[in-house]
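A structural walkthrough
Given next are the chains, with one letter for each unit.
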Amino acid sequence: MAGPKGLIIAIDGVIGAGKSTAAAGVAEALSYRHLDTGSMYRAVALAATRAAIAPTDTEPLRQLLRQLEIEVEPGGRVALGGEDVSSEIRDIETSRVVGSYADVSEVREALVRRQRRLGLEGGVVAEGRDMATVVFPAADLKIRMVANLAQRARRRLEEFLAKGVDITLDQVRRDIRVRDLADEVRDYGGSAAGVVEEVDTSGLSPQQVIDRLVDLARQCGA
Ligand code: DC
């Protein structure tokens, strides 16, 4: 179902497999749009916490979603009603609460609609857990990225240290295990139809991962 602007590439995978770096790199290599859907969930979580709306406050949350102006620019900048919140959506507090907002069906429905609008014409690398199942079930290329626990923990640790977060490798490993278990019981549309290419990124450099994904995209006609 390649659109007028190119393929729809759906990327999902475990925490710490290097999804964001890969999705951004593939989008750049193909001159596609990188649709980082996690940043949209983060923007909702930030707006809601600023307005003191809890994930369980369904009606206020609905109202917020109706009014919310989230802009996700292809270059990765995220704005809320014109205010650049690109770094704030990645702070510790938002990262801690975003999962609870992402579990709310009203939030998912509102964002899925926006994501489809942004990606349906194709020429998009859509990154997020429900891309190949709910948002773009007919994506031209579906990729699931995996990696071994040691490598995932190292990657996450580097990300935290770069942000100045004081955390040990052991804590990161525990956190990944907890989030893996939580992800296992979540069901965002079941399993994807058709072929899902599993790419194991253990031992690969970010560039090697990008090259591998671009190869797959080329084979699909990108
Ligand atoms: O990939 P990330 O860490 O920026 O994602 C932020 C949160 O949003 C995380 O809890 C996973 C969730 N998410 C989701 O439920 N569905 C998506 N399509 C993308 C992210």
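For the structure itself, consult the block above.
What comes next is a walk through the structure. (Residues numbered from 1 in each chain as written. Predicted model: local features only at pLDDT ≥ 70, side-chain atom pairs only at ≥ 80, totals over all residues. Heavy atoms only, no water.)

In terms of regular secondary structure, the protein is built from nine helices and eight strands. Taking the principal axes of its C-alpha atoms as reference, the protein extends roughly 45 × 45 × 30 Å. Burial statistics for the protein: of 222 residues in total, 46% are counted as buried. Put simply, of all contacts in the protein between residues at least 6 apart along the chain, 75% involve residues at least 24 apart. Positive and negative side-chain charges of the protein, numbering 30 and 34 respectively, have mean locations separated by a distance of 1 Å. (Helix = DSSP H or I, 4+ residues; strand = E, 2+ residues; numbered from the N terminus. Buried < 20%, exposed > 50% of the residue type's maximum accessible area, 1.4 Å probe, protein only. Contact = heavy atoms within 4.5 Å. Lys, Arg positive; Asp, Glu negative; His and termini not counted. Charge placed at Lys NZ, Arg CZ, Asp CG, Glu CD.)

It is worth spelling out the site of the ligand at this point. Lining the immediate environment of the ligand, one finds 13 residues, of which Thr37, Arg42, Arg108, Arg129 and Asp130 sit closest. The side chain of Thr37 places a nitrogen or oxygen atom 2.9 Å from a nitrogen atom of the ligand. Arg108 is positioned such that a nitrogen or oxygen atom in its side chain is 2.9 Å from an oxygen atom of the ligand. Expressed as a share of its isolated accessible area of 450 Å², the protein-covered part of the ligand is 86%. Those elements that place two or more of their residues in the shell around the ligand are α2 (37-50) and α4 (92-102). By residue number, the principal contributor to the shell around the ligand is α2, which donates four residues. Looking at side-chain class alone, the shell around the ligand contains four nonpolar, four polar and five charged residues. (Near = heavy atom within 4 Å. Polar contact = N/O pair within 3.5 Å; in protein donor to acceptor, adjacent residues only side chain to side chain. Areas by Shrake-Rupley, 256 points an atom, 1.4 Å probe, with all protein chains shown as cover. Nonpolar A, V, L, I, M, F, W, Y, C, P; charged D, E, K, R; others polar.)

In a beta sheet, neighbouring strands pair by backbone hydrogen bonds and run either parallel or antiparallel. What the five strands build is an open sheet, ordered β2-β6-β1-β7-β8; its pairing is parallel. Both outer strands of the open sheet, β2 (33-36) and β8 (197-200), are each paired with one neighbouring strand and no more. The mean angle between the axes of side-by-side strands here comes to 20°, regardless of whether they run parallel or antiparallel. Bridge count for strand β7 (residues 141-146) against β8 is four bridges, and the pairing is parallel. Each residue of the ladder has a partner; that of Val146, found in β8, is Asp200. Along the sheet, α2 makes contact with β2 and β6 (124-127), crossing β2 at roughly 45°. (Pairing = 2+ DSSP bridges. Axes fitted to C-alpha atoms, helices over the stretch in contact; angles between N-to-C directions.)

Among the structural elements, Thr201 can be located in the loop between β8 and α9 (206-219). Residues in contact with Thr201, not counting those within four places in the same chain, are Ala17, Met145, Val146, Ala147, Gln151, Arg155 and Val209.

One open sheet holds the three strands; their spatial order is β3-β4-β5, and the pairing between them is antiparallel. The sheet is open, and its two edges are formed by β3 (70-72) and β5 (83-84), each paired on a single side. By the bridge criterion, two bridges tie strand β4 (residues 78-80) to β5 in an arrangement that is antiparallel. In the sheet register, Leu80 faces β5, and the bridge partner there is Glu83. In the packing of α2 onto the sheet, the strands contacted are β3, β4 and β5, and the crossing angle to β4 comes to about 30°.

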